[in-house]
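# Observations on the model geometry
What follows is each chain in one-letter form.
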Amino acid sequence: MKKLLELRSEIDKCVRCGTCRSTCPTFKVIGRETSCARGRVTLVAEYMNGGVGLSETFLKHLKECTLCGACRSKCPNGVDTVAIFAAARRDVTEKQGVPFAASIIFKNLLASGGIMSLGLKLATRLQGLFFRDASAGVGLLSRFSLPLVGSGRLVPPLAPTSFLDLPEVKSAEGKADKKDGPSVAFYAGCGINYLMPEVGLKSLEAVRRAGASVSVPQGQACCGMPAYAMGDIATARSMALKNLEVFEAADADFIVTSCATCGHGLKSLMASLLADSPELKARAEKIAAKTRDISELLIKELGFKAKGRVAERRVVTYHDPCHLGRAQGLREEPRELLKMGPGVVLKEMKNPCLCCGLGGGLMYNNYELSMEIAAKKAENIKKSGAEFVATACPGCIVQLRDGLHRSGVDVKVCHVVELLSEEKP
Amino acid sequence: MKMISNSVKNELIRVVGAKNASFSREELVCYAYDATNKLSLPDAVVFPSTPEEISLVLKMANSEGFPVIPRGAGSGFSGGSVPVEGGVVVSFERMTKILEIDTENLVAVVEPGVVTWDLQQSVERLGLFYPPDPSSHRFSTIGGNIAECAGGPRAVKYGVTRDYVLGLEAVLPTGEIVTTGVRTAKGVVGYDLTKLFVGSEGTLGIVTKAVLKLLPLPEATKTMLATFPKMTEAAKAVSAIIRGKVIPSTLEIIDRVSLRCVEEYSKTGLPDVEAMLLIEVDGPKDSLERDCRTVEAICREHGGADFRVAEGKEEVKKLWEARRSISASLYRVKPNKINEDIVVPRSRIPELVEGLGKISAARGVLIASFGHAGDGNIHVNVMYDKKSAAEAAAAEAAVTDVFTLTLSLSGTISGEHGVGTAKQKYLEMELSPAAIEAMKRIKASFDPKGILNPGKIFPKAGAKTAAAGTKAPL
């Protein structure tokens, strides 16, 4: 991953045309130049020139970004804004250290013997205490929530048994059987592991239905995206290294994930984090080449076709996760998969690619702003008239549930794979 | 002018509220630039929400002697919103309301911070149309469009911002709040201050409300593409289309360099040819077919190699996204450019194109041209690398040549960007000393202390300027 000093020419590529003012989700809410990419790039340049230091104002504006990449995708000059902001955060973190709460969580997510550490296991048992009301917000997971944030917040309960600890998942450890079609190793990621194991199980089921054999390697770690977003590159790198080893050992034809962010993490972040060693980078690129999003695997690789059963009509709208649509270029595949669900009628919302507001650690850095962005999303979802909003990222699911709940919009949120079967998610 | 004092800062806070006044370097640096990419720090940024607040700021500026610079989105191409002499930037980022859309009288009333695109979307939902569409319309503001008299591709048929401003509420540099113009179709009471404010680059007053004319939304639009083996042939086709009495709603020309740069960015599938015309016709559905056939015939007659009608909303959207991104994407060939927006009478576009080719060859600089050929407005981008003194000097010389050529063809040196700081030194090439003096007297009568957006339009006394006067008579 490039350091800030190596990005000087990237920063100079910004000609300050202002196009990013029309795409940035935080600018849509805050409406000031300091909250769009052009302003942030200028601030970072000024920071590098020594014009501004590590002031509260500078850090506030730097951390307000969701790293959604909308500015980058529309930038006429192709400025890699996400790389600039991530490198600036890294620079800051190297000088200031990782925020205390985040550092504890990252350590847990990295802990040996799986994503799950003793601390988190305890928390699962104790969650009755912690979750007495929604205001406690004991998120122990960096992407989803962190201790003691504002009140009235809808906090997802931790699963009683995490995905990787489920007996049927544990039994799927080891190499997939290559005799029956292609072999697929499933990467759960924190969201599925701790919060929504059912999405993991539905994913395994779909892969099997599509004629592949699937394994779930134990020992897999967090993909590193949350640590990366917070600028804790050392931790993110350790996570990448661990996953590299675990998935090399799995030796499958494909690695599949049902989390957009993790998919992006494995496909591009891993190699970038390990780029300091040409050997590791080359190995990471092999892993990246095997990695697929669940919809990409099912549609493009396995030619999955769900049987067209007559069922109750479900009007569904789809939210494009930034890390799937923009980062991986996968917009059609999840929609195609979605339309295979029994009774599903897809009804597009306005601006389905607008960030949900969770990304880039914004939920941690500035929960109120994150929710204001989610409120915009909730409005578009409501106007679509759909009964369900489907997406392909557990992070977005958590955020959309919270945002819809806050806006009083009664639309159910689910993962695309959950609509592949008839039972209601 | 002097830096603002602490007592001024406190007073500004009192006027707009602490949340709406910024003095930290972190905030100031983000209000130091526009799309010319030149930076000059202000001393403060305020975010007012009423004309009264702006009036107080201007009164204070007169008594304390600091500059005031109005700013919309900071997307201008001439330095209009850059605080070149420091002072207080008045940002319109909080005055973003569409106050009224009057469907009976076809009028919209808006605050200046409204993004042009947002207004267009809102009126189009009601079957109405606000035509001015500068390439920045997805982020530029109505206030900024008024200050610079923004144009856009549709100007060929629908005119520019000036043609849609019926009336204004503005704060004069001395602090008085005035209303100008009408909300009726006609009006000749007194001098036309409305038109005077439009295009005055924020030097005569600060617009706080605008009454805009709307049209019925055209029933349908067709988008066509025609490619040409030579720029001059495309240019001749443009003149012929106008002569053929078809007025397209847009008639854009794009040269090879521009096509290549923007294709690299947009992956639209643009052809790799010497020149392309992007043509739109709009109006009642049944007349469009005929217009398309006329345009096609003219293009083919003038060497148009490939002609086709764009299919579906997606393709049209992509084509326009690409077209609007040309200007910024040109930096892919060279790190610096001088971006001019000259206009010539439409019949003289072929001569202009030929002349640009000669200048490029003679000066040894790359010139990328594209733009609103239909109204004679060509964006001429002289590309260079400022790290090379020789290239920079050649580029400067080429620009002067371009202006000399333009003026000899009865053209003007700026169609829609304004003078700002970027074209000051060429002002005397187009305007006579007497005309400039008259303008300065107007400025002085509105703004005796020269506090509103100083350093714009008129070159400072003693500044190095290009040789005066070669404009062909009107």
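Residues numbered from 1 in each chain as written. Chains lettered and ligands numbered in written order. Predicted model: local features only at pLDDT ≥ 70, side-chain atom pairs only at ≥ 80, totals over all residues.

From N to C terminus, chain B includes 15 helices and 18 strands. For 474 residues, the compact-globule estimate of 2.2 N^0.38 gives 23 Å, and the C-alpha radius of gyration of chain B, at 22 Å, lies within 12% of that figure. If you line up chain B on its principal axes, its C-alpha atoms span 70 × 60 × 40 Å. Counting every position in chain B, which comprises 474 residues, the buried fraction comes to 55%. Within chain B, counting contacts between residues at least 6 apart in sequence, those at least 24 apart form 73% of the total. (Helix = DSSP H or I, 4+ residues; strand = E, 2+ residues; numbered from the N terminus. Rg over C-alpha atoms; globule rule 2.2 N^0.38 Å. Buried ≥ 20, exposed ≤ 12 C-beta atoms within 10 Å, placed from the backbone. Contact = placed C-beta atoms within 7 Å.)

Our next topic: the overall build of chain A. Helices and strands together make up the secondary structure of chain A, namely 21 helices and eight strands. Put simply, chain A has 425 residues, and 56% of those count as buried. Partitioning the intrachain contacts of chain A with sequence separation of at least 6 by distance along the chain shows that 75% fall at a separation of at least 24.

The next point concerns the interface of chain A and chain B. Where interface size is given, it is often the accessible area lost as the parts come together that is meant. Taken together, the 24 residues of chain A in the interface contact 22 residues of chain B. Of all the secondary-structure elements, those providing two or more residues to the side of chain A that touches chain B are α3 (37-48) and α4 (56-63) of chain A. Examining the composition of the side of chain A that touches chain B, we find that four residues originate from one element, α3(A), more than from any other.

All names here are of chain A. When the domains of chain A are assigned, the result is domain 1 (4-94) and domain 2 (314-420). Breaking the side of domain 1 that touches domain 2 down by element, the ones donating at least two residues are α2 (25-30) and α5 (70-74). Ranked by residues supplied to the side of domain 1 that touches domain 2, first place goes to α2 with four residues. Per-class residue counts for the side of domain 1 that touches domain 2 are six nonpolar, four polar and three charged. (Domains from an automatic or database assignment. Nonpolar A, V, L, I, M, F, W, Y, C, P; charged D, E, K, R; others polar.)

Attention shifts here to the nonpolar core. Judged by nonpolar contacts, the single largest core of 267 residues is most densely connected at V57(B), V88(B), L212(B), V238(B) and L277(B). Contacts of V88(B), omitting those with residues within four sequence positions, involve I4(B), L12(B), P42(B), D43(B), A44(B), V46(B), V57(B), A61(B), F66(B) and V68(B). (Core = buried A, V, L, I, M, F, W, Y, C linked by C-beta atoms within 7 Å.)

Here we take up the domain arrangement of chain B. All names here are of chain B. Under the domain assignment, chain B is made up of domain 1 (6-91), domain 2 (98-216), domain 3 (218-329) and domain 4 (334-453 + 466-474). On the domain 4 side, the residues contacting the 18 residues of domain 3 number 16 residues. For the side of domain 3 that touches domain 4, the secondary-structure elements that each account for two or more residues are α8 (231-243), β13 (250-255), α9 (256-266) and α11 (312-329). Top element by residues in the side of domain 3 that touches domain 4 is α8. It accounts for seven residues.

Next up on the list: the sheet that holds strand β5 (residues 314-318) of chain A. Residue and element names in this part refer to chain A. Taking strand neighbours across the sheet as the criterion, the four strands line up as β6-β5-β7-β8 in an open arrangement whose pairing is parallel. Since the sheet does not close on itself, it has two edges, and those belong to β6 (344-346) and β8 (412-415), each with one partner. Here the average twist between neighbouring strands, direction ignored, is 40 degrees. Summarising the sheet, β5 and strand β7 (residues 388-391) pair through three bridges and their orientation is parallel. Bridge pairing in β7 links Y318 to A390. (Pairing = 2+ DSSP bridges. Axes fitted to C-alpha atoms, helices over the stretch in contact; angles between N-to-C directions.)

This part covers the environment of F304(A). Residue and element names in this part refer to chain A. Its location among the elements puts F304 in the loop between α16 (294-301) and β5. Note on F304: 21 C-beta atoms within 10 Å, which makes it buried. When the C-alpha atoms of F304 and N193 are compared, they prove to be 25 Å apart, with 111 residues separating the residues in sequence.

Time to look at the environment of E340(B). Residue and element names in this part refer to chain B. Within the secondary structure, E340 sits in strand β16 (residues 336-343). A tally of 25 C-beta atoms within 10 Å means that E340 is categorised as buried. Through-space distance from the C-alpha of E340 to that of K285 is 36 Å; in sequence the pair is 55 residues apart. In this view, E340 contacts V380, V399 and V402; residues no more than four positions away in its chain are not counted.

With that settled, consider the sheet that holds strand β18 (residues 377-384) of chain B. Strand pairing in a sheet takes place through backbone hydrogen bonds and is either antiparallel or parallel in direction. All names here are of chain B. On the basis of which strands lie adjacent, the open sheet formed by seven strands has the order β15-β12-β14-β13-β17-β18-β16 and antiparallel pairing. With one partner strand each, in any of the chains shown, β15 (306-309) and β16 form the two edges of the open sheet. Going across the sheet, the axis of each strand differs from the next one's by a mean of 15 degrees, ignoring polarity. In terms of strand pairing, β16 meets β18 through eight bridges, oriented antiparallel. Along β18, the bridge assignment pairs I342 with I378. Strand contacts of helix α13 (residues 389-408): β16, β17 (366-372) and β18, with the helix running at about 160 degrees to β18, the strand carrying the most contacts.

A few words now on α9(B). Residues and elements named next belong to chain B. Of all the positions in α9, only V257, S258, L259, C261, V262, Y265 and S266 are classed as buried. Where α9 is buried, its residues meet β13, β14 (275-283), α11 and β17. Positive backbone phi, at 50 degrees, marks K267, one or two positions downstream of α9.

Let us now look at helix α10 (residues 285-301) of chain B. Residues lying three or four places apart along an α-helix face the same way, a consequence of the helix completing one turn every 3.6 residues. All names here are of chain B. The terminal C-alpha atoms of α10, which comprises 17 residues, lie 25 Å apart, in line with the 24 Å expected from a rise of 1.5 Å per residue. All of the buried residues in α10 are D291, V295, I298 and C299. The arc enclosing the buried residues of α10, seen along the axis, measures out at 95 degrees, which places them on a common side. Of the exposed residues in α10, those oriented more than 90 degrees away from the buried face are D286, E289, R290, R293 and E301. Contacts made by the buried residues of α10 are with β12 (220-228), α8, β14 and β15. Backbone geometry just after α10 places G303 at a positive phi near 90 degrees. (Expected span 1.5 Å × (residues − 1). Arc of directions from axis to C-beta.)

Residues and elements named next belong to chain B. Counting buried residues in β18 gives eight out of eight residues, a clear majority hidden from the surface. Here β17 runs beside β18; their pairing, made up of seven bridges, is antiparallel. Bridge pairing in β18 links S369 to V380. What sits between β17 and β18 in their antiparallel hairpin is a turn of four residues, with G376 showing a positive phi close to 80 degrees.

As a further point, take unusual backbone geometry. You will see that L67(A), though not glycine, has its phi angle at about 55 degrees, which is positive. Along the chain, L67(A) turns up in the loop between α4 and α5. Judged by C-beta crowding, with 23 C-beta atoms within 10 Å, L67(A) ranks as buried. The phi dihedral of N453(B) is positive, around 45 degrees, even though this residue is not glycine. Looking at the element boundaries, N453(B) is found in the segment after α15 (433-446).

Time to look at the packing of helix α1 (residues 6-16) of chain B against helix α3 (residues 51-64) of chain B. Residue and element names in this part refer to chain B. Remark: α1 packs on α3, axes separated minimally by 9 Å, with the N-to-C direction vectors making an angle of 165 degrees. For the element pair α1 / α3, the angle class is roughly antiparallel. In this structure, the crossing between α1 and α3 has a hand that is right-handed. Residue-level inspection shows V8, E11, L12, V15 and V16 of α1 in contact with α3, the latter providing E53, L56, V57, M60 and E64. When grouped by side-chain class, the residues that make up the contact of α1 with α3 number seven nonpolar, no polar and three charged. (Parallel < 35°, antiparallel > 145°, perpendicular 65-115°, else oblique. Left-handed = near helix turned anticlockwise from the far one by under 90°.)

Further remarks concern the confidence of the model for chain A. Within chain A, residue pLDDT values average 87, and 84% of them lie at 70 or more. Low pLDDT, under 50, characterises residues 121-151 of chain A; the predicted model gives this stretch 58 contacts beyond four residues in sequence or across chains. (pLDDT = per-residue confidence, 0-100.)

Any region with low pLDDT has predicted coordinates that should not be read closely. The pLDDT averaged across chain B works out to 94; a share of 99% of its residues lies at or above 70. Our summary of model confidence lists the complex with pTM equal to 0.91 and ipTM equal to 0.94.

Turning our eyes to something else, we now look at the pairing of β17(B). Residues and elements named next belong to chain B. For β17, the buried fraction is high: six of the seven residues fall into the buried class. Strand direction decides the pairing type here: β13 and β17, joined by two bridges, are antiparallel. Across the sheet, residue I254 finds its bridge partner in β17, namely F370.

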